[in-house]
Amino acid sequence: MAWGEFKNTAAERRLFQRRALVMLVFVMLLMSGLLARMYQLQVIEHDIYTTLSDKNRVQVQSVPPPRGLVYDRNGELLAENRPVFSLTIVPERAAPIDDTLARLGRIIEIEDEDLKRFRKRLNEPRRPFQEIPLFYDLGEPEIAKMAVHRHEFPGVEVSAELVRYYPHSDLTAHALGFVGRINREELNRIDPVNYAGTNYIGKSGIERFYEEVLHGRVGYQHVETNARGRILRVLERENPVPGEDLELHLDLRLQRKAHELLEGRRGAIVAIEPATGGILALASVPGFDTNKFVTGISVADYRELSESIDKPLFNRALRGQYPPGSTIKPMMAVAALDSGVTTRDRKIWDPGYYQLREGGRRYRDWKRSGHGWVDLKDSVAQSCDVYFYDVAVEMGVDTMHKYLSAFGFGEDATLDVSGALSGLLPSDDWKRAMRNERWYPGDSVNMGIGQGFFLATPLQLATATALVANRGEWVEPRLLKDIRGDRTADEFLPAETHNPLVLKDPENWEYVVDTMEEVMHGAKGTARRAARGASYRMAGKTGTAQVFSLGQDEEYDAEEVRERLRDHALFVGFAPADDPKIAVAIIVENGGGGSSVAAPVARGLFDAWLEEFPAAETEQLLGQLNQTGSDH
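**Things to note about the nonpolar core**
Next up, step 1: In terms of nonpolar packing, the biggest core is built from 142 residues, with F407, F409, F571 and I586 touching the most fellow members.
Next up, step 2: The leading source of residues in this core is helix α16 (residues 385-406), at 11 residues.
Next up, step 3: In terms of nonpolar packing, the next biggest core, distinct from the first, is built from 17 residues, L101, F118, F135 and V156 among them.

**What to know about the sheet that holds strand β20 (residues 582-588)**
Strand pairing in a sheet takes place through backbone hydrogen bonds and is either antiparallel or parallel in direction.
Next up, step 1: Spatial ordering of the open sheet is given by β12-β11-β20-β19-β18, a layout of 5 strands whose pairing is antiparallel. Two strands bound the open sheet, and with one partner strand each, they are β12 (279-285) and β18 (539-545). For this sheet, the mean angle separating the axes of adjacent strands, direction not counted, is 5 degrees.
Next up, step 2: Taken together, the 7 bridges between strand β19 (residues 568-575) and β20 define a ladder with antiparallel strand orientation. The residue of β20 that forms the bridge with L570 is I587.
Next up, step 3: Against the sheet, helix α20 (residues 507-521) contacts β18 and β19, and its axis sits at roughly 70 degrees relative to β18.

**Notes on the confidence of the model for the protein chain**
Next up, step 1: Mean pLDDT over the protein chain works out to 87, with 90% of the residues at or above the 70 mark.
Next up, step 2: This model gives residues 549-556 a pLDDT under 50, and the stretch forms 14 contacts once residues within four places in sequence are excluded.

**A few points about the pattern of salt bridges**
Next up, step 1: According to the stated counting rule, one finds 27 salt bridges in the structure shown.
Next up, step 2: Across the pair E491 and R487 runs a salt bridge, and its minimum N-O distance is 3.8 Å.
Next up, step 3: A relative accessible area of 31% means that R487 is categorised as partly exposed.
Next up, step 4: One connected set of salt bridges, linked through shared partners, spans R67, R164, E207 and E211.

**Observations regarding helix α10 (residues 252-261)**
Next up, step 1: Along α10, the residues that are buried comprise L252, L254, Q255, A258 and H259. One side of α10 holds all its buried residues, which, seen down the axis, span an arc of 165 degrees.

**A few points about helix α14 (residues 329-338)**
Next up, step 1: Here α14 lies mainly inside the structure; 10 of its 10 residues are buried.
Next up, step 2: Regarding α14, the residues found buried are K329, P330, M331, M332, A333, V334, A335, A336, L337 and D338.
Next up, step 3: Buried residues along α14 sit in contact with α15 (376-381), α16, α18 (441-448), α19 (458-469), α20 and β18.
Next up, step 4: Phi turns positive one or two residues past the end of α14, at G340, with a value near 80 degrees.

**Some points on unusual backbone geometry**
Next up, step 1: Omega for the peptide link from V285 to P286 comes to 5 degrees, which places this bond in the cis form.
Next up, step 2: With respect to the secondary-structure elements, P286 resides in the loop between β12 and α11 (291-294).
Next up, step 3: Cis geometry marks the peptide bond from A575 to P576, where omega comes out at -20 degrees.
Next up, step 4: Structurally, P576 is set in the loop between β19 and β20.
Next up, step 5: Even without being glycine, K311 reaches a positive phi, approximately 50 degrees.
Next up, step 6: Assignment of secondary structure puts K311 in the loop between α12 (299-306) and α13 (316-319).
Next up, step 7: In this model, N590 sits at a positive phi of 55 degrees, which is unusual for a non-glycine residue.

**Comments concerning the side chain of N508**
Next up, step 1: Looking at the secondary structure, you find N508 in helix α20.
Next up, step 2: Looking at N508, the relative accessible area reads 8%, which means it is buried.
Next up, step 3: There is a polar contact of 3.0 Å between the side chain of N508 and the side chain of R344.
Next up, step 4: Setting aside residues no more than four positions away along its own chain, N508 makes contact with L337, R344 and L503.

**Concerning the packing of aromatic side chains**
Next up, step 1: Under the definition given, this model contains 14 aromatic pairs.
Next up, step 2: Ring-pair connections join several aromatic residues into one group, and the members of that group are F178, F288, F293 and Y302.
Next up, step 3: Sitting over the ring of Y200, R181 keeps its end group 5.3 Å from the ring centre.

**Digging into the pairing of β20**
Next up, step 1: Taken across its 7 residues, β20 has 7 buried, putting it largely inside the fold.
Next up, step 2: Neither face of β20 is open: one carries I582, V584, I586 and V588, the other A583, A585 and I587, and all of them are buried.
Next up, step 3: Pairing analysis gives 6 bridges linking strand β11 (residues 267-272) to β20, with the strands arranged antiparallel. Each residue of the ladder has a partner; that of A268, found in β20, is I587.
Next up, step 4: Between β19 and β20, which pair antiparallel in sequence order, lie 6 residues.

**Here's the deal with the environment of T290**
Next up, step 1: Residue position: T290 is located in the loop between β12 and α11.
Next up, step 2: Residue classification places T290 among the buried positions, given a relative accessible area of 0%.
Next up, step 3: Note: C-alpha distance between T290 and G180 (110 residues apart in sequence) is 9.7 Å.

Conventions adopted
Residues numbered from 1 in each chain as written. Predicted model: local features only at pLDDT ≥ 70, side-chain atom pairs only at ≥ 80, totals over all residues. Heavy atoms only, no water. Core = buried A, V, L, I, M, F, W, Y, C linked by side-chain atoms within 4.5 Å. Buried < 20%, exposed > 50% of the residue type's maximum accessible area, 1.4 Å probe, protein only. Helix = DSSP H or I, 4+ residues; strand = E, 2+ residues; numbered from the N terminus. Pairing = 2+ DSSP bridges. Axes fitted to C-alpha atoms, helices over the stretch in contact; angles between N-to-C directions. Contact = heavy atoms within 4.5 Å. pLDDT = per-residue confidence, 0-100. Salt bridge = Lys/Arg side-chain N within 4 Å of Asp/Glu carboxyl O. Arc of directions from axis to C-beta. Polar contact = N/O pair within 3.5 Å; in protein donor to acceptor, adjacent residues only side chain to side chain. Phe/Tyr/Trp six-rings, centres within 6.5 Å; stacked < 30°, edge-to-face > 60°. Lys NZ or Arg CZ within 6 Å of the ring centre and 35° of its normal.

Next up, the structure:
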């Protein structure tokens, strides 16, 4: 068979043409689809993809506001912000995180504690792409090393931020409080928009109470970044609104004086300006360095503070609840006079003990031989327990509770002091509810001299003393004096709720003040030594509170009692007596007698406030005037 019989050239040509046509149509369809898709992307959906592209290049970042500053009444800076350089990581950009941490550890020294703190924050709820600090307060060598190796670590930055700093932290720890990093609980309750970019929040004290005022309002900026997320330039910016600056009634000089007077001891001092209710000093000793808590305290440092036998973290001025002892006798005198239980002239015989019934238990006076015949003024001046045993039983718990609550006991009567406790003002109902027992006359005996179930804080004692100094006019204690800005303190201070304590005979106020003057200046006053040589008249009352109970026939011997079981020394008072400028409450834990330990502390405060500080202010003013004159 010839080869030509098997080969059909024309048929093959037609087959090739058909196949080529099909492929051409297929290619044309693909090209048309590609062109259509390009038209859709470049023309129809241009705006969408332009926006998406910009999101890869342009980011919106929050700009945290500078926190408001805090000043004392004389303009001394108590809380400021200082720039700190920190090493931060954005986990979403630095993955794998373990590898990043390992490589960073080869460049700069990172403590195990820093790594633990970082991993803890890494596992806590947080905002997407939020920076997590790894290392605080970088020095120049660390900053230089990171600058050299910056290109090797995407998502890792050396960030500058303003961090809270307390120049007098040991003195102001318990009054100001401190800020710290936002925790999980706080993250759930704060405004996520206004706190975007903010890492710190007030934890206690003024910092917590006025958080809204101090924080400010967040700002924003549009920034252009490169592929590694590093900022190239700022395109647009809305500046944050800084927090308001606060001016407190607190006087740093008096605060320092209070700490000096209590140095080496444990105790608390609260000083109030009776005319305004402003807290001039709020000292709890020993104090602690609040700066350690701002960026995160180390485990070792926190263990040292929390396990210290002196309890420096415990705010004795606000949360220390102590038997007030004889310091409540002026308030009890007001109650006894106004309720008609006693009179100014009434006298009783003090043999050194008191009995509810003949042959019954003897409630002892601090002076075992007794004070003999005493009236109310003698009883306050000499701190006669028997007199107040007697009037307490006659008044009964309901009358005592009524008057003592009017002095602010049993409640937190402050306006802006965060964390203050209410103490315990017992009543018949309270005892039935808590102990399932009725109120006995013996309970009234103990309550009459500030013992038994009765507990009060130093702040409450200072508040009650200021009420006596004001002759019944209430001024709730407050720390905030003014806001340095367009807003006023009245916008943020809670409303006052206490009415004046009006007596049936207003002259009884002056009489009770006279009894307190007799304590300081009388021939038999318990604190006469502390007032010796003073150029002004002061009113006060000493007190001693037992830490543990004695049996009926036991005698107290301080030398044989362990130091931390000895009596607390207390004092309340104000000066000058006729025009009070300062009212104080003092407790020296395990200090012994109020007259020998606490009263001299009060004298030191009175002298400083009335004589030393005004003189310093006058000298400063004269110096400024002289300087002005010489300039002209």
